[in-house]
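Listed below, chain by chain, are the residues.
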Amino acid sequence: MSARIDAVPAATGRDWSTLISLAAIVVAFGAVAGPLGALAGIATALVGYLFGIPYALAAGHVALVASFPDGIDPLPFVIVEVTFIAVLLAPVPWTESPGRITLVAITSTLTLAGAAWLIVDSQSLYLAAATVIVLLAIASYGLHRLELVRLGLVPDREDGKQARQNDTDQTDESITDTDTDTTAKPTTEPTTDI
Amino acid sequence: MYPTRQGWTVAALSVVLAVLAVVFARPLVLVGSALIGAWLLAHQYRFTRDLERTVESLSVVQSPARTAVQTGDETPVTLTATREAKTELTLEVSAGVPVAATATRPFVLSLEPAIEQANRTRTVTWPVAGRHTFDKITVTATDGLFRETITAGSTPTVTVEPPSPRSIHVGEGGDRIAASYGSHESRRPGTGIEPAELREYLPGDTGKRIDWKATARHTTPYVREYEAESDRRTLLAVDHRSSLAMGPQGETKLEALREVALVIAGNTRRLNNPLGLVTVGDGGITNYRGIASSTVNYRPIRRQLLSLEPTIAADTPISNQMGTTSMNSTETNSNELSASRSSNTQLRTVSAGENSVSLLRRNTTPTDAQRSLSDLEGTDEDDAFGRTLRPFYSDQQRYRERITEDPLYGAVHRGVTDAQGSIWTVICTDDSRPAELRETVSLARQGGNEVLVLLAPSVLYEPSGLADIEQTYDRYVEFEEFRRELARIDNVTALEVGPTDRLSAVIEAGRSRGGHA
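Residues numbered from 1 in each chain as written. Chains lettered and ligands numbered in written order. Predicted model: local features only at pLDDT ≥ 70, side-chain atom pairs only at ≥ 80, totals over all residues. Heavy atoms only, no water.

### Some words on the pattern of salt bridges
All names here are of chain B. If you walk through the whole model with that rule in mind, you get 22 salt bridges over all chains. A salt bridge links Glu172 to Arg483; its shortest N-O distance comes to 3.9 Å. Of this pair, Glu172 sits in strand β13 (residues 168–172) while Arg483 sits in helix α12 (residues 469–487); the two residues are 311 residues apart in sequence, bridging distant segments of the chain. Among the salt bridges present, the one from Arg475 reaches Glu462, with a minimum N-O distance of 2.4 Å. Of this pair, Arg475 sits in helix α12 while Glu462 is found in the loop between β22 (450–456) and α12, placing the two residues 13 residues apart along the sequence. Each member of the salt-bridge network shares a partner with another, and the members are Asp239, Arg241, Lys253, Asp430, Arg433 and Glu436. (Salt bridge = Lys/Arg side-chain N within 4 Å of Asp/Glu carboxyl O. Helix = DSSP H or I, 4+ residues; strand = E, 2+ residues; numbered from the N terminus.)

### Details of the pairing of strand β20 (residues 284–292) of chain B
Working note: regular strand, side chains alternate between the two faces of the sheet. All names here are of chain B. Sheet topology places strand β19 (residues 275–281) next to β20; 6 bridges connect them, and they run antiparallel. Within β20, the residue paired with Val278 across the bridge is Tyr288. Taken together, β19 and the strand that follows it, β20, pair antiparallel across an intervening segment of 2 residues. (Pairing = 2+ DSSP bridges.)

### Considerations on helix α5 (residues 294–306) of chain B
Residue and element names in this part refer to chain B. Here α5 contains 13 residues, and its C-alpha end-to-end distance of 17 Å stays within 8% of the 18 Å for a straight helix at 1.5 Å per residue. Of all the residues in α5, the buried ones are Ser294, Asn297, Tyr298, Pro300, Ile301, Arg302, Gln304, Leu305 and Leu306. Two to three positions downstream of the cap, the backbone nitrogen of Thr295 sits 3.1 Å from a side-chain oxygen, assigning the N-cap of α5 to Ser293. (Expected span 1.5 Å × (residues − 1). Buried < 20%, exposed > 50% of the residue type's maximum accessible area, 1.4 Å probe, protein only. Polar contact = N/O pair within 3.5 Å; in protein donor to acceptor, adjacent residues only side chain to side chain.)

### With respect to the packing of helix α11 (residues 434–444) of chain B against α12(B)
Residues and elements named next belong to chain B. Contact geometry of α11 with α12 gives a least axis separation of 11 Å together with a crossing angle of 15°. As far as their axial angle goes, α12 and α11 are roughly parallel. For the pair α11 and α12, the crossing hand works out as right-handed. For the pair α11 and α12, contact is made by Pro434, Leu437, Arg438 and Val441 and by Phe482, Glu485 and Leu486, respectively. Grouping the constituent residues of the contact of α11 with α12 by class yields 5 nonpolar, no polar and 2 charged. (Axes fitted to C-alpha atoms, helices over the stretch in contact; angles between N-to-C directions. Parallel < 35°, antiparallel > 145°, perpendicular 65-115°, else oblique. Left-handed = near helix turned anticlockwise from the far one by under 90°. Contact = heavy atoms within 4.5 Å. Nonpolar A, V, L, I, M, F, W, Y, C, P; charged D, E, K, R; others polar.)

### Observations concerning the side chain of Thr252(B)
Considering the arrangement of structural elements, one finds Thr252(B) in the loop between β18 (234–239) and α4 (253–270). The contact partners of Thr252(B), leaving out residues within four places of it in the chain, are Leu244(B), Ala245(B), Met246(B), Gly247(B) and Tyr461(B).

### Let's talk about the sheet that holds strand β10 (residues 137–142) of chain B
Two strands in a sheet stick together by hydrogen bonds in their backbones, pointing the same way (parallel) or opposite ways (antiparallel). All names here are of chain B. Read from one edge to the other, the open sheet built from 5 strands follows the order β1-β11-β10-β5-β7, with strand pairing classed as antiparallel. On the outer flanks of this sheet lie β1 (2–3) and β7 (108–111), each paired with one strand and no other. As paired elements, strand β5 (residues 90–94) and β7 share 4 bridges and run antiparallel to each other. Paired with Val93 across the strands is Leu109, a residue of β7. In this fold helix α2 (residues 27–57) packs onto β5, β10 and β11 (146–152), with an angle of close to 15° to the strand it touches most, β11.

### A word on unusual backbone geometry
Residues and elements named next belong to chain B. Look at Ala25: it is not a glycine, yet its phi comes out positive at around 55°. A positive phi angle is found at Thr219, which is not glycine, with a value near 70°. Taking relative accessible area as the criterion, Thr219 reaches 69% and is therefore assigned exposed.

### Here's the deal with the packing of helix α5 (residues 125–150) of chain A against helix α1 (residues 5–24) of chain B
As a packed pair, α5(A) and α1(B) sit with axes 9 Å apart at the nearest point and diverge in direction by 170°. When the interaxial angle is binned, α5(A) and α1(B) end up roughly antiparallel. Residues Leu125(A), Tyr126(A), Ala129(A), Ile133(A) and Leu136(A) of α5(A) touch α1(B), and the partners they reach there are Ser14(B), Val15(B), Ala18(B), Ala21(B) and Val22(B). For the contact of α5(A) with α1(B), the per-class residue count stands at 9 nonpolar, 1 polar and no charged.

### Structural notes on the interface of chain B and chain A
Counting residues at the interface gives 82 residues for chain B, matched by 70 residues for chain A. Summing both sides of the interface, chain B and chain A together bury roughly 6,900 Å²; the carbon and sulfur share of this comes to 69%. One can count 1 salt bridge joining chain B with chain A. For Arg150(A), the salt bridge identified is with Glu52(B), shortest N-O distance 2.8 Å. The interface formed by chain B and chain A contains 7 residue pairs in polar contact (both at pLDDT 80 or more). Among the residues making up the side of chain B that touches chain A, the classes are represented as 44 nonpolar, 17 polar and 21 charged. (Buried area = accessible area lost by both parts, 1.4 Å probe.)

### Some details on the confidence of the model for chain A
Regions with low pLDDT should not have their predicted coordinates read in detail. Residue and element names in this part refer to chain A. Averaged over every residue, the pLDDT of chain A is 75; the share at 70 or more is 73%. Contacts of residues 1–11 to residues separated by more than four positions or lying in other chains number 28 contacts, the stretch itself having pLDDT below 50. Counting interchain partners and residues more than four positions distant, the pLDDT-below-50 stretch residues 167–194 has 48 contacts. (pLDDT = per-residue confidence, 0-100.)

Listed below in structure tokens is the structure:
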């Protein structure tokens, strides 16, 4: 009951669907890169199982680069990336809004990866990387604002003025009360009936 | 919504992959960065959805066991959190304990994702008097990647009162009187809104005073009289001499009288009646505020009443043959009270005798003494009657001069003189100076003024408590006789003000003995 809130782990994805998707990564790596790839896939799955999906995605892509030092053909790339997306979406069915979250995940993936793809074709890799990071930051901030609006945590301009005015009024009242109550030995009206 | 350390780590992982892609010139790594970014956004959206559902279904309550306590009291406060929706969020719920209160331990509870309800009770201490409102409950929700803090729940208020008499009895002979304050009748016709009577039209009445409905009913002109609206000008005379310090801590005579005086002042303000205050210490008037509108006077008077402390008596106690005593220590109280009682007894014995002696008792007012002495001055020097009585009345003259120097008498004298007109004088004092009080009451009721005497019986406040209940009852009976003596005077109401529990014990003792106060 008294666990520190910082220590609450994010969903590490140890449900059976995630485990199947991690196994799929091993298979996909083995299929596209042979025994060495299978080893890389196993390492990726282990990282994912122990540390979480984002680390699996990171380790998997680094391993993929190591497995294909001269570049990867489109088919193996698609096969491996599909398994990565499967890992990404594996826990979603267990959530309360699987459809919406799946939509956000797919849209984000296509947008970020598509933007990177498009820019790499015409511009430098440096610009593509910067674009991905900037798009990610913008999308994240957008969701942050969406949350504030949905929960009513952002007063609109007029309400803000009103709220500030109310705050001022309350301060004035509290000053008056302090004057009344503290100087005059704060006590309520006695209940004695005479 | 703010990322936790874990959230920042995942974001950093995405950035690192993007940097690696640039460093190794491999766009493939950038796809990994994009996938991690997508994973992060999906979880952020999920957090938003979960938080929204949580807020809709969350119920948090902080409920103090008592909303009225005294300074230094400890009260249990229960914090309850209930969530109906199943989400993956862990909630950390913090009670909004006021700044002026202290909880024994951090007042926080956690609601894990699988748990629907949790509650925790902590003991909260209230060292500062006043009205303290709880802050809203702070709820921090997290899924491990993001966290958000919202406020929710009710904000109960706890009133913390300084130590004061817990229950004060105000009444007569142990019987509590009903509330008698409110709008009062003036019993005089005039302009007002309260109908007084209906009478036939008389020549001289203006036409607009005719009550046409009554006229129609009676076929002759009728006029409706209204009761005149008047203000009851109230003068509070509060004694805070050393004898008023008697009693347990926070429950002294002065504390009890202060509470009742505050009630009267409050009623005066409610009825918008003019109010004045004169406070009396051992050295004389300590504070004087002439009668003025309660709108102007109420707050200063309330402050003055609340800040009253018993004064310190002079080194040499002043006493007189009529039982007026000035106590300067607790030890002397019983002796002087005994003296006071013995003098009262003498008076009673005398008054129970011949009628002429009863007359002597009635002629103890300074004015009467002065008049009687003047009468005797006119009698023949050889007259045995005059020769015998003259020395006694000369003593009364000296008594008259001395009584005017008594603080309470002097204070009421000033208040009554300054008021100029009919006033309602409320005298808050104890029974340790009966002679002075008699004179003061007589002075206050001059001119048909009404007087309310609030008397704190010393017997109910003595530190020895009710050790000897029989003796205590006897002394209470003596006090009651004195109170009745005052109450018998026209336009005077005398009420006792004492701790309910002690008084009940004394009355009960009297009943069991078969007596009646």
